[in-house]
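# Structure assessment
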Amino acid sequence: MTALTVNNQPVRYAMDPATPLLFALRDASNLTGTKFGCGTGECGACTVDIDGRAVRSCRVTLAQVEGTFVTTIEGLSRDRGHAAQQAIIAANVSQCGFCIPGIVMAAQALLRADRDPSDDDIRAAITSLCRCGIQPRLLEAIRMAGRIARGDETVDPLPPPDIDPAGASQIAPSLAPPEN
Ligand code: FES
């Protein structure tokens, strides 16, 4: 049994202590915002915050995170209101979106340590691989996130996330079955 805190909730995982944290989060806690990309520490899709540091969760075992505080993308903000999220949305960074949760988690750790990072700091802190080619927009977005975090810029408020299937017809009425 491994005890830790995930998104401010105490959790005890009855799993092999050698299990990667990534699998515990996704399979036992259903926190599927943390993505399984390469599984070898290269892509960054699985990045979470552990005790204030951005960590690739595929490369740490449950035994290694005993007693830590883990934050996943689901626990970062309920309304996508973190400066990194606001900026990434405002700058239209996402394409397929698969790597974005890991990028946001790396960005939030960077901005907590430094709200005015240089471009080199951003490149060093956010090493996620993205095949969509978002890097130029991402660099600008993280600069913007710093300005938002410092209070030097604001962006329009985001609409609330609507991932409730009951709301699907409100999102895409054209997908609703035709009425006879
Ligand atoms: Fe962990 Fe790619 S899945 S770095």
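These figures come from a predicted structure and were not determined experimentally.

Our next topic: the sheet that holds strand E4 (residues 53–56). Read across the sheet, 5 strands follow the order E2-E1-E5-E3-E4 without closing on themselves; strand pairing throughout is mixed. This sheet does not close on itself; its edge strands, each paired only once, are strand E2 (9–13) and E4. Each neighbouring strand pair of the sheet contributes to a mean axis angle of 40 degrees, computed without reference to strand direction. Pairing geometry for strand E1 (residues 2–6) and E2, over 5 bridges, is antiparallel. Bridging across to E2, leucine 4 finds its partner in valine 11.

Once that is clear, we can look at the packing of aromatic side chains. By convention here, two paired aromatic rings are described through the distance between centres and the angle between planes. Within this structure, the stated rule accounts for 1 aromatic pair. Seen from their ring centres, phenylalanine 23 and phenylalanine 36 are 5.5 Å apart, and the 70 degrees between their planes marks the pair as edge-to-face. With phenylalanine 23 in helix H1 (residues 21–28) and phenylalanine 36 in the loop between H1 and strand E3 (47–50), this residue pair connects regions lying 13 residues apart in the sequence. For phenylalanine 36, a relative accessible area of 41% gives the class partly exposed.

For the structure shown, the criterion picks out 8 salt bridges. In this structure, the salt-bridge partner of glutamate 140 is arginine 147, at a minimum N-O distance of 3.1 Å. On the basis of relative accessible area, glutamate 140 is assigned to the partly exposed category, the value being 29%. Take arginine 147: its relative accessible area is 24%, and that puts it in the partly exposed class. The salt bridge partner of arginine 147 is glutamate 153, with a shortest N-O separation of 2.5 Å. Relative accessible area serves as the criterion here: at 24%, glutamate 153 is assigned to the partly exposed category. Through salt bridges with shared partners, a single ionic network connects Asp119, Glu140, Arg143, Arg147 and Glu153.

If you look at the biggest cluster of nonpolar residues, it comprises 28 residues, and the most contacted ones within it are Ile88, Val93, Ile103, Ile126, Ile134 and Leu138. Where this core is concerned, the elements lending two or more residues are helix H2 (73–76), helix H3 (83–90), helix H4 (100–113) and helix H6 (135–150). Ranked by residue count, the leading element in this core is H4, at 8 residues. Apart from residues no more than four positions distant in its own chain, isoleucine 126 is found in contact with Ile103, Ala106, Ala107, Leu138 and Ile142. Within the second largest apolar cluster, 15 residues are counted, among which are Leu4, Val55, Leu62 and Val65.

Analysis parameters
Residues numbered from 1 in each chain as written. Predicted model: local features only at pLDDT ≥ 70, side-chain atom pairs only at ≥ 80, totals over all residues. Heavy atoms only, no water. Pairing = 2+ DSSP bridges. Helix = DSSP H or I, 4+ residues; strand = E, 2+ residues; numbered from the N terminus. Axes fitted to C-alpha atoms, helices over the stretch in contact; angles between N-to-C directions. Phe/Tyr/Trp six-rings, centres within 6.5 Å; stacked < 30°, edge-to-face > 60°. Buried < 20%, exposed > 50% of the residue type's maximum accessible area, 1.4 Å probe, protein only. Salt bridge = Lys/Arg side-chain N within 4 Å of Asp/Glu carboxyl O. Core = buried A, V, L, I, M, F, W, Y, C linked by side-chain atoms within 4.5 Å. Contact = heavy atoms within 4.5 Å.

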